[in-house]
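Structural features, examined
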Amino acid sequence: MSTIRGARERARIEVTAAIKDEARKQLAEEGAPKLSLRAVARELGMVSSALYRYFPSRDDLLTALIVEAFDAIGAAAERAVAEQAAGEVPPAERWVAVSCAVREWALAHPHEYALIYGSPVPGYIAPMDTVGPAARVGLVLIDIVRGAFRAGDLTLPPLADGLRADAERMAADFAEGVPPESVAALVAAWAQLFGLISFELFGQFNRVVEEREALFRQTAGELARSVGLRDAGKA
């Protein structure tokens, strides 16, 4: 009986993977708003009713793709910081390495990036299942700043009086152990990093910036300093 159950589970995993692969193909060709369960079923030679046993609705399939994309870009950020954990790499350099890893993933997976950081899909409301995966990149950056603060290696950036209450709330909500001054700067830096990647992927830099990697690295370094991380060798 366990052998039959195991075979069924393997078959379900294989079919689920095939459905998601075909859905990603449709994302690349048609865009997320046109994703259709019927079209996916047709391309896989399945009847629609069979596909609904795996994903009851288009939104369920979208959620699965979104979660996987967030997990993949988050894993890229986590690998980048883990690769430097054994050495004495200054926090600012770790920040730049993580930022570059996120950019590299985005360039290699433009359609998945567009799904999670592009225009919202009409009619789709992301469920709570997406929140944890979506936070992974941000948590890596927060942890770099938290570690620098604990080591006495963080220079607090200025904070406008009108932002202090919001910054203190954000620190309590998702960045415990990080000073409010740096939390406010972190949120701004996070938005600017992804804005820079989006400009590159969505064509806003065409005929404007040629050396895009150099621009990105320079900007990532500037953003590291904006949250209070010091360059190597600087006190």
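First, a word on what this report is: a plain description of the structure on this page. Source: prediction; values computed, not measured.

Time to look at the overall build of the protein chain. A count of helical and extended segments in the protein chain gives eleven helices and zero strands. When the elements of the protein chain are put in sequence order from the N terminus, they spell out α-α-α-α-α-α-α-α-α-α-α. When the backbone C-alpha atoms are referred to their principal axes, the protein chain occupies close to 65 × 50 × 40 Å. Within the protein chain, buried positions represent 43% of all 235 residues. Nonlocal contacts in the protein chain, meaning residues at least 24 apart in sequence, comprise 72% of its contacts between residues at least 6 apart. In the structure as shown, the protein chain presents an accessible area of about 12900 Å², 54% of it carried by carbon and sulfur atoms. Across the protein chain, the 26 positively charged side chains and the 32 negatively charged ones have centroids separated by 6 Å.

Note that Glu112 resides in helix α6 (residues 110-117). Buried charge without a partner: Glu112 forms no salt bridge, and the closest opposite charge is Arg24, 4.0 Å away. If sequence neighbours within four positions are ignored, Glu112 has contacts with Arg24, Ala69 and Trp105.

Along the chain, Ser198 turns up in helix α10 (residues 180-201). Residue classification places Ser198 among the buried residues on the basis of a relative accessible area of 13%.

Let us look at the environment of Thr155. As for its position among the elements, Thr155 is in the loop between α8 (136-150) and α9 (164-174). Along the backbone, Thr155 and Gly45 are 110 residues apart, and their C-alpha atoms lie at a distance of 59 Å. Non-local contacts of Thr155, meaning those with residues more than four positions away in its chain, are made with Val227, Gly228 and Arg230. A polar contact of 3.1 Å, which involves the side chain of Thr155, links it to the side chain of Arg230.

Cut-off values and rules
- Residues numbered from 1 in each chain as written.
- Predicted model: local features only at pLDDT ≥ 70, side-chain atom pairs only at ≥ 80, totals over all residues.
- Heavy atoms only, no water.
- Helix = DSSP H or I, 4+ residues; strand = E, 2+ residues; numbered from the N terminus.
- Buried < 20%, exposed > 50% of the residue type's maximum accessible area, 1.4 Å probe, protein only.
- Contact = heavy atoms within 4.5 Å.
- Areas by Shrake-Rupley, 256 points an atom, 1.4 Å probe, with all protein chains shown as cover.
- Lys, Arg positive; Asp, Glu negative; His and termini not counted.
- Charge placed at Lys NZ, Arg CZ, Asp CG, Glu CD.
- Salt bridge = Lys/Arg side-chain N within 4 Å of Asp/Glu carboxyl O.
- Polar contact = N/O pair within 3.5 Å; in protein donor to acceptor, adjacent residues only side chain to side chain.

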